[in-house]
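As a plain string of letters, each chain reads:
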Amino acid sequence: MIPIVWFVTPIGAILALVFAYILFLGVKREDEGNEQMKTIAKHVRDGAFAYLKQQYKGVAIFFVIAFILFNIMSHVLHVMHWLVPIAFLTGGIFSGLAGFIGMNTATLASNRTAQAVSVSLNKGLKVAFRAGGVMGLVVVGLALIDISIKFYLLDYFKLDFHLDLHAITVIMLSSGMGASTQALFARLGGGIYTKAADVGADLVGKIEAGIPEDDPRNPATIADNVGDNVGDVAGMGADLYESYAGSILATAALGMAAATQLFGHGTDLMNEWAIKFVSAPMVLAGIGALLSVLGIYMVSTKEDAGTKELLFALNKGVYGSSILIAIAAFFVTKMMLPSEIYLGIFFASLIGLVAGILIGYFTERATSDAYAPTRGIAKQGEFGPATIIIDGLAVGMQSTLAPVIIIAVAIFAAFSLNHGFAHPELGLYGIGFGAVGMLATLGVTLAMDAFGPIADNAGGNAEMSKLPQEIRKRTDTLDSVGNTTAATGKGFAIGSAALTAMALMAAYLEEVRSSLHNIGMKILTIDFGDGLVRNVEIAKATMSDFMFYYQVNLMNPKFLIGIFLGAMIVFVFAALTMKAVGRAAGDMVAEVRRQFKEIPGILEGTAEPEYAKCVEISTIGAQKEMVLPALLGILSPIVIGLILGVAGVLGLLAGGLATGFVLAVMMNNAGGAWDNAKKYVEIGNLGGKGSDIHKAAIVGDTVGDPFKDTAGPSINILIKLMSMVSIVFAGLIVTYSPKIQSIYTNDERISIENTLIENTTTTEVIE
């Protein structure tokens, strides 16, 4: 029976959505500015929705094809539960809806923020941040609604559907692939779109024509502003939606495994505690949704605030809600978990929370122009663009030190504090709780991230509307802070991806257990060597048993090859996304040059550029270029799993996680530092706008654009998507990979396994 306290989860979700609507109405009530500001905002809004409509058409086709294939796997091949295809669809729909609502608000907020800044800096900050708050609260609200409905209905109809709690957690976990797939398409497509427009606008407008950023004479400037919304708002929203949902679902599945290991399969104690282990992460997330609302309302600043003061104003919301969620986590774990272990799980959630804040802090130090690394990059502009690029790459590489150590310490501490070396399932449950703790305040941390592109668009609106220089200076201040919060948000997303992917790798073995049971296997025959053989019931097998059974160790070439392939796929994926931006940006450059040449009067301001043509080029380029990288991420776990089996899949996920985490941090921070180095020059330092150092900084920023807004943030989705695909296709891999492996190996165990699959036999269990 579901504990009464679990209903905090749907209540928190509903209240988050209610407050998101209140914030939305508040943004809409703000002054829209003059007619020119309204017109420019409408251009951006129309372009954003035109792109999103086109993207959703393509994604819908993929989802229909996947839904058909999943039903074949379910009803024909019998390697998947029949509810998984339905759950897959709902995960994708809710993720897409979150991005749509967030972008709708962001496109309404740009001109309103610009107008609010003309009243006061504090007012502009609040409008932009609360518009971002809509995105944050909608993501957590919709994710928790989706999880709550599934969990309640599956539990209510479990007898009709012949389900137990373990099957419920596995089905819910499998549904995360829908959110992951939608997130990848949103991040990839949006990232390619925004950087094609941004790079094209910078190369021709700022460098060749010598006109300012966001100058209305630049034909690509509307497309650039559209890109901020489709990439950094809708894309980031979908990205963190799947991290948030994935962490909760993976931890719930690990909770079931931990309860089984601690209390024994099928015992009364297990039946009593398992439901509490499963629902505890959902309860903590529900409380976190409520506290995020408080965090959003904490944000305000004084009128003469500089960059550091504005960052502190925004961080007040994060720190305030984090302190409250830490207190709540103590009572949730104490109430729902056994007295012997609740303290360890509480500390694990606290560790995740602190790790998220620390990663954000060190990301800020690496990317903000208030600190030495970014100022050092700008100073290198004295020697030209080459040294700016060299120093930016070095800053990005060096910036991986702190996040990697933080995540490593967090994983080790969460695992060991929960007796993971004696009870691995419990230790992994602690790691999962760390991921939930890190993401518990997502409502306010995502609001900080969405603040960045909204402030950027506000500056663009002010520039194109030719507002007074003082207004533009204020929007530039918000924009500079927004660059740092966006970089911090991406660092937070990458950090949460690492913990979530770690939890998903462990949860994958639970899916393997379920899949073996579904194909009729009841016994694992584990060969320890030297004639020592142990037969274990699959229902009672520990994760260590599965690791021995599938020989997941460095002496197994399947596992080792999987690690190499996982590392390679991350780099190839990043290369494909970078090349995609390059090709799409090339088309944009050619179009802007054509308009400057063929439409007299653009540069003089007497003729209006063809903005819609640039929007169309970015839209077509993004749709075309996102397909190949997406297919690489989706197909690689299936192909490698069928050829190399479960050991190969685990190697793939481990290699992809380790390499992807470090590369994503490096690209994110290098790109953010290059961007802020340019901003540092533009506000009057080192010669200011138009100087040789400024031109060099623009080149560095242009190189960094696809680093921080396309390849880097897409990698963290890749590592989670590969985990989700592995989970969904576990049944297919477990069933058919032994048959394929038997072609190239004489492994007697695989032959035995094939016999068991085709003609289930009973084997005596040796305890």
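As the structure is a computational prediction, the values presented were derived from the model and not from experiment.

(A) The arrangement of unusual backbone geometry in detail. For K466, which is not glycine, the phi torsion reads 60° and is therefore positive. Considering the arrangement of structural elements, one finds K466 in the loop between α15 (442-464) and α16 (469-518). Among the residues examined, K466 registers a relative accessible area of 69% and is labelled exposed. In this structure, Q551 takes a positive phi of about 55° despite not being glycine. Looking at the secondary structure, you find Q551 in the loop between α17 (543-549) and α18 (557-598).

(B) Fine view of the packing of aromatic side chains. Going through the model one piece at a time under the given rule, you end up with 30 aromatic pairs. Ring centres 4.8 Å apart and planes at 25° place the aromatic pair F63 and F88 in the stacked group. Placement of F63 in helix α2 (residues 35-75) and of F88 in helix α3 (residues 84-119) is noted, with a sequence separation of 25 residues between them. You can call F88 buried: its relative accessible area is 0%. The ring of W273 carries K276 above its face, with NZ or CZ at 4.7 Å from the centroid.

(C) Up close: the side chain of N229. Relative to the elements of secondary structure, N229 occurs in helix α7 (residues 221-263). On the accessibility criterion, N229 (0% relative accessible area) is buried. Among residues more than four places away in sequence, those in contact with N229 are V44, M103, A106, T107, A234 and N457.

(D) Fine view of helix α1 (residues 8-29). Its 22 residues place the ends of α1 31 Å apart at the C-alpha level, agreeing with the 32 Å of an ideal helix rising 1.5 Å per residue. Within α1, burial applies to T9, P10, G12, A13, A16, A20, L23, F24 and V27. End-on view of α1: buried residues confined to an arc of 155°, all on one side of the axis. Of the exposed residues in α1, the ones pointing more than 90 degrees away from its buried face are Y21 and R29.

(E) Local environment of the nonpolar core. With 262 residues, the main nonpolar core has F151, F277, Y429, L516 and F729 as its most contacted residues. At 25 residues, helix α20 (residues 627-682) tops the list of elements feeding residues into this core. Look past the residues within four positions of L516 in its chain and what remains in contact with it is M521, L524, I538, F546, Y550 and V734.

(F) Main features of helix α19 (residues 611-625). Compared with the 21 Å implied by 1.5 Å per residue over 15 residues, the 21 Å span of α19 between its first and last C-alpha is a close match. Within α19, burial applies to Y611, C614, V615, I617, S618, T619, G621, A622, Q623 and E625. Elements in contact with the buried residues of α19: α2, α6 (176-209), α7, α18 and α20.

(G) Geometry of the pattern of salt bridges. Enumeration over the complete set of coordinates arrives at 32 salt bridges. We note a salt bridge from R583 to E625, for which the minimum N-O separation is 2.8 Å. Note that R583 is positioned in helix α18 and E625 in helix α19, a separation of 42 residues in sequence. We classify R583 as partly exposed; its relative accessible area is 44%. Accessibility expressed as a relative area gives 12% for E625, which makes it buried. Taken together, the shared-partner salt bridges connect K195, D198, D479, D675, K678, K679, D701, D705, K708 and D709 into one network.

Conventions adopted
- Residues numbered from 1 in each chain as written.
- Predicted model: local features only at pLDDT ≥ 70, side-chain atom pairs only at ≥ 80, totals over all residues.
- Heavy atoms only, no water.
- Helix = DSSP H or I, 4+ residues; strand = E, 2+ residues; numbered from the N terminus.
- Buried < 20%, exposed > 50% of the residue type's maximum accessible area, 1.4 Å probe, protein only.
- Phe/Tyr/Trp six-rings, centres within 6.5 Å; stacked < 30°, edge-to-face > 60°.
- Lys NZ or Arg CZ within 6 Å of the ring centre and 35° of its normal.
- Contact = heavy atoms within 4.5 Å.
- Expected span 1.5 Å × (residues − 1).
- Arc of directions from axis to C-beta.
- Core = buried A, V, L, I, M, F, W, Y, C linked by side-chain atoms within 4.5 Å.
- Salt bridge = Lys/Arg side-chain N within 4 Å of Asp/Glu carboxyl O.

Any functional reading would require information that these geometric values do not contain.
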